[in-house]
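Below are the chains, spelled out letter by letter.
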Amino acid sequence: MQSHDVDYKILGNDIQVLEVELDPNETVVAEAGAMVYMSEAIAFETKMGDGSEPNQSIMGKLFSAGTRLITGESLFMTHFTNRGSYGKAHVAFSAPYPGTIIPLDLRSLPQGLIVQKDGFLAAAKGTKISLHFNQKLGAGLFAGEGFILQKITGDGKAFVHAGGTIIEKRLNNELLRVDTGCVVAFEPGIDFSIARAGGLKSMIFGGEGLLLATLQGTGRVWLQSMPVKKLIQALAPNGGNAQKESGGILGRMVGGILDE
């Protein structure tokens, strides 16, 4: 199915809003609960699936909806359509936490894009959002980090949300090690795996977590400076201080023992 050709603009800097402009009968699909405001001519409908396969059977729709539950997303998606007879209409979306919106033209990504499980925000109707399993054993064993992802494919515009500042890296047969929560998206030509974060002392007291993501190959990678799990830790009462103390006083005490 050919995607609808929607126009858009991104408002704001640190806490951004995506405003999509729709011609009559154009549709944009978004995560449930992402809408901020919409014009009078916009009608919305909650459906199972992304609408990329209009002739899909009931069982197919149930299977697609079930895969969304596996990724932790809502069972349903919301379709916003301009039902007005004349003129353009607008609908705006935002993510549930502060960050940056990445606009993507999927025509430049013929193999699609692999996205973290909560990264998708909205897309033109016709875009397919499917489940992607990371085949690396390590990614599946450790708390599901990087194991269950989403794949976005199509020929229209899609929008991904990430926390904090976005860093786009282009790898040319290179290897990049990243905090597991900082990976937002990557092209299918990139091999994604999970590795241990250094020695025992570094893993326990380094403050970087037990594991690191390894991205290797040729293609683009998008990273975020503030994943939602770090934001939650920072906002939790004494969360940041407790973590610093654990890597500070206790780290120095036990680190001395491990060095002996």
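Anything mentioned here points back to the structure above.
On a predicted model such as this, the values are computed, not experimentally measured, just so you know.

Rules of the game
- Residues numbered from 1 in each chain as written.
- Predicted model: local features only at pLDDT ≥ 70, side-chain atom pairs only at ≥ 80, totals over all residues.
- Heavy atoms only, no water.
- Helix = DSSP H or I, 4+ residues; strand = E, 2+ residues; numbered from the N terminus.
- Buried < 20%, exposed > 50% of the residue type's maximum accessible area, 1.4 Å probe, protein only.
- Polar contact = N/O pair within 3.5 Å; in protein donor to acceptor, adjacent residues only side chain to side chain.
- Contact = heavy atoms within 4.5 Å.
- Phe/Tyr/Trp six-rings, centres within 6.5 Å; stacked < 30°, edge-to-face > 60°.
- Pairing = 2+ DSSP bridges.
- Axes fitted to C-alpha atoms, helices over the stretch in contact; angles between N-to-C directions.
- Core = buried A, V, L, I, M, F, W, Y, C linked by side-chain atoms within 4.5 Å.

Here we take up the side chain of Glu19. Locating Glu19 in the fold gives a position in strand S2 (residues 17-22). For Glu19, a relative accessible area of 12% translates into the label buried. Among the polar contacts made by the side chain of Glu19, one reaches the side chain of Tyr37 at a distance of 2.5 Å. With residues up to four places along the chain from it excluded, the contact list for Glu19 reads Asp7, Tyr8, Lys9, Leu11, Tyr37, His90, Val91 and Ala92.

Tallying each qualifying case throughout the model produces four aromatic pairs. Ring geometry for Tyr8 against Phe159: centres 5.0 Å apart, planes inclined by 70 degrees, an arrangement best described as edge-to-face. Taken together, the residues Tyr8 in strand S1 (residues 7-11) and Phe159 in strand S13 (residues 157-162) connect sequence positions 151 residues apart. Both rings, one in Phe186 and one in Phe192, keep their centres 5.3 Å apart while their planes meet at 0 degrees; by these two values the pair is stacked. The burial state of Phe186 is the same as that of Phe192; both residues are buried. An aromatic cluster is present here, built from Phe44, Phe80 and Phe93 joined pairwise through their rings.

What follows is about the environment of His132. Among the structural elements, His132 can be located in strand S11 (residues 128-133). Separated by 17 residues in sequence, His132 and Leu149 have C-alpha atoms that sit 5.0 Å apart.

Now for the sheet that holds strand S4 (residues 35-38). With antiparallel pairing, four strands are arranged side by side in an open sheet as S1-S2-S7-S4. Strands with a single pairing partner mark the edges of an open sheet, and in this sheet they are S1 and S4. The sheet shows a mean angle of 20 degrees between the axes of neighbouring strands, taken without regard to direction. Both S4 and strand S7 (residues 89-93) contribute to a ladder of three bridges, which runs antiparallel. Within S7, the position partnered with Met38 by the bridge is Val91.

All right, on to the nonpolar core then. For soluble globular proteins, nonpolar side chains are generally found buried alongside one another. Residues Leu104, Leu113, Ile152, Val160, Val184 and Trp222 are the most contacted members of the largest nonpolar core, which totals 18 residues. Among the elements that take part in this core, S13 stands out by supplying three residues, more than any other. Residues within four places of Leu104 in sequence aside, it is in contact with Leu109, Leu113, Gly156, Lys157, Ala158, Val160 and Trp222. Core analysis: the second largest hydrophobic core is formed by 17 residues, Ala30, Ile42, Phe93 and Ile101 among them.

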